[in-house]
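So the chains spell out like this:
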Amino acid sequence: MRLLRALLRCAAPGSASPGNIPQQVDFYSRFSPSPLSMKQFLDFGSENACEKTSFMFLRQELPVRLANIMKEISLLPDNLLRTPSVQLVQSWYVQSLQEILDFKDKSSEDSGAIHSFTDTVIKIRNRHNDVIPTMAQGVIEYKESFGIDPVTSQNVQYFLDRFYMSRISIRMLLNQHSLLFGGKINPAHPKHIGSIDPNCNVVEVIRDGYENAKTLCDLYYMSSPELILEELNVKSPGQPMQVVYVPSHLYHMVFELFKNAMRATMEHNADHCIYPAIHVHITLGNEDLTVKMSDRGGGVPLRKIDRLFNYMYSTAPRPRVETSRATPLAGFGYGLPISRLYAQYFQGDLKLYSLEGYGTDAVIYIKALSTESIERLPVYNKAAWKHYKANHEADDWCVPSSEPKDMTTFRSM
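Participant: Explain the side chain of T360 to me, using residue names and the numbers behind them.
Facilitator: Counting through the fold element by element, T360 comes out in strand 7 (residues 359-367). Relative accessible area serves as the criterion here: at 13%, T360 is assigned to the buried category. Only 3.2 Å separates the side chain of T360 from the side chain of S354, close enough to count as a polar contact. Dropping the residues within four chain positions of it, T360 is found in contact with M293, S294, D295, G299, V300, L352, Y353 and S354.

Encoded structure:
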């Protein structure tokens with residue numbers, strides 16, 4: 001907590017009791033976050049939308065989610081914590097926690113306080129817009145200055161999965177409150193409940209992701225592969241492919257997968273100037289909505305599959321750090337791991353299956369039932385603490401030598 005306390009000494013003088021923030025972090029991190037189901041989000045927003053109720057829930061839940069992940073930030077290696085980018089991210093979290101705690105003792109009957117809370121929620125949401133690229137820049141700064149070892153790499157991977165999942169969940173709460181009570185209704189999506197579409201048209205989102213990725217691909221390569229899309233609704237034959245979901249989450253996943261598939265297809269088939277189509281199969285069953293995207297981009301060896309989800313690994317050149325609104329065809333290499341987190345957030349998943357020399361299948365799994373789509377949230381506890389502090393021992397499986405053993409040196413008795 002040393003760096004956290006240093007940040008607090010520089011906190012804005014108007015903040016509520018900045019000196020008590022370390023104690024507040026310790027206090028709220030003792031509680032586990034309360035995961036919500038998609039149905040709970042939907043029911044609250046559509047039937048019982050009440051700004052006062054949301055205010056009372058968020059002023060308790062947001063400090064818990066913020067404090068849990070702030071405790072884990074403080075367990076990162078000191079040299080990583082000292083990078084300017086990570087210190088900036090940490091200062092954002094400190095400031096946001098301070099601002100939420102300002103409302104801890106406000107009366108729920110005070111309409112002025114409730115309206116001010118909504119304004120604060122919007123301000124916090126905007127402040128955290130660039131958390132992902134800023135933290136990514138911090139990891140790059142650390143790597144370039146100190147290199148990376150297997151233990152640190154494993155801890156950073158563990159932390160970033162949890163940190164970004166926490167960020168997704170906090171942003172979900174902030175978005176729901178600000179969209180429901182911020183006074184602005186999106187005319188393009190009048191039936192959305194906050195950021196949730198009760199009848200999310202999966203095919204429409206996928207085509208949208210393809211068209212935008214195609215625009216980028218055409219810009220970079222002057223051409224792009226076609227899309228062949230097939231759908232099968234087993235749950236309700238003949239009906240449109242619809243689920244209760246957050247369209248922006250699904251879009252993020254398919255847009256990233258299309259970018260990767262297009263880049264691989266264009267580069268693998270560059271000599272022939274014939275670019276095989278990308279095939280997408282969508283199936284809606286009783287439990288799962290499954291989206292399978294297949295390309296002919298040459299695939300990757302099995303040993304490299306795990307690297308594609310590693311934050312410390314990217315096949316692309318280092319990007320310029322601008323803002324979260326920049327959309328290069330390839331960036332920090334965070335596209336796939338973040339997309340997997342979006343899928344896992346509501347108990348789904350994203351998996352890759354590759355045929356080296358041929359192509360790759362990317363499969364997205366989404367829960368078909370809103371009652372089973374429940375937030376997957378990290379919690380700070382002894383098990384998490386041990387992960388950062390434990391000494392990683394040698395593997396309990398044999399590690400094959402890179403050189404074959406000379407069996408002639410072994411003599412029979």
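Participant: Please give an account of the confidence of the model for the chain that cites residues and values.
Facilitator: Mean pLDDT over the chain: 89, with 86% of residues reaching 70 or higher. A low-confidence stretch, residues 10-15 stays under pLDDT 50, and its non-local contacts, those more than four residues away or across chains, total four contacts. Across residues 323-330, where pLDDT falls below 50, the model places 17 contacts with residues more than four positions away in sequence or in other chains.

Participant: Describe in detail unusual backbone geometry, supporting the description with residues and values.
Facilitator: Positive phi is not limited to glycine here, since C273 has a value of about 60 degrees. Looking at the secondary structure, you find C273 in the loop between helix 11 (247-268) and strand 4 (278-284). By relative accessible area, C273 is classed as exposed at 57%. For Q347, which is not glycine, the phi dihedral falls at a positive 70 degrees.

Participant: Go over the pairing of strand 6 (residues 349-355), please, and point to the residues and values.
Facilitator: Bridge analysis of strand 6 against strand 7 gives seven bridges, and the strand direction is antiparallel. Bridge pairing links S354 to T360 in strand 7. Hairpin connection of strand 6 to strand 7: three residues between the antiparallel strands, including G357 at a positive phi of 90 degrees.

Participant: Account for the sheet that holds strand 7, naming residues and giving values.
Facilitator: Spatially, 2-4-5-7-6 is the arrangement adopted by the five strands of the open sheet, whose pairing is mixed. Because the sheet does not close on itself, it has two edges, and the strands there are strand 2 (227-233) and strand 6. Put simply, the sheet's adjacent strands are angled 15 degrees from each other on average, direction ignored. Bridging between strand 5 (residues 288-294) and strand 7 involves seven bridges; their strand directions are antiparallel. Paired with L289 across the bridge in strand 7 is I366. Against the sheet, helix 13 (residues 335-345) contacts strand 6 and strand 7, and its axis sits at roughly 135 degrees relative to strand 6.

What counts as what
- Residues take numbers from 1 onward in each chain, read along the sequence in its written order.
- Where totals are concerned, whole chains, interfaces and linings use all residues; where local detail is concerned, this predicted model gives features only for residues with pLDDT of at least 70, and gives and counts side-chain atom pairs only at 80 or more.
- Computation of side-chain values: all heavy atoms of the structure, hydrogens and water removed.
- In this text, helices come from DSSP runs of H or I with a minimum length of four residues, and strands from runs of E with a minimum of two, each type numbered from the N-terminal end.
- Remark: exposure states derive from per-residue accessible area (1.4 Å probe, protein chains only) relative to the maximum for the residue type, with buried under 20%, exposed over 50%, and partly exposed in between.
- Polar contact is defined as a pair of N or O atoms within 3.5 Å, subject to the rule that within protein one atom must be able to donate a hydrogen and the other to accept it, and that residues adjacent in sequence are counted only when both atoms are side-chain atoms.
- Here, two residues are considered to be in contact whenever any of their heavy atoms come within 4.5 Å of each other.
- In predicted models, pLDDT denotes the confidence assigned by the predictor to each residue on a 0 to 100 scale.
- In this scheme, strands are said to pair when DSSP sees at least two bridges between them.
- Only the stretch in contact is used when fitting a helix axis, every axis being a line fitted to C-alpha atoms; angles between N-to-C directions are given from 0 to 180 degrees.

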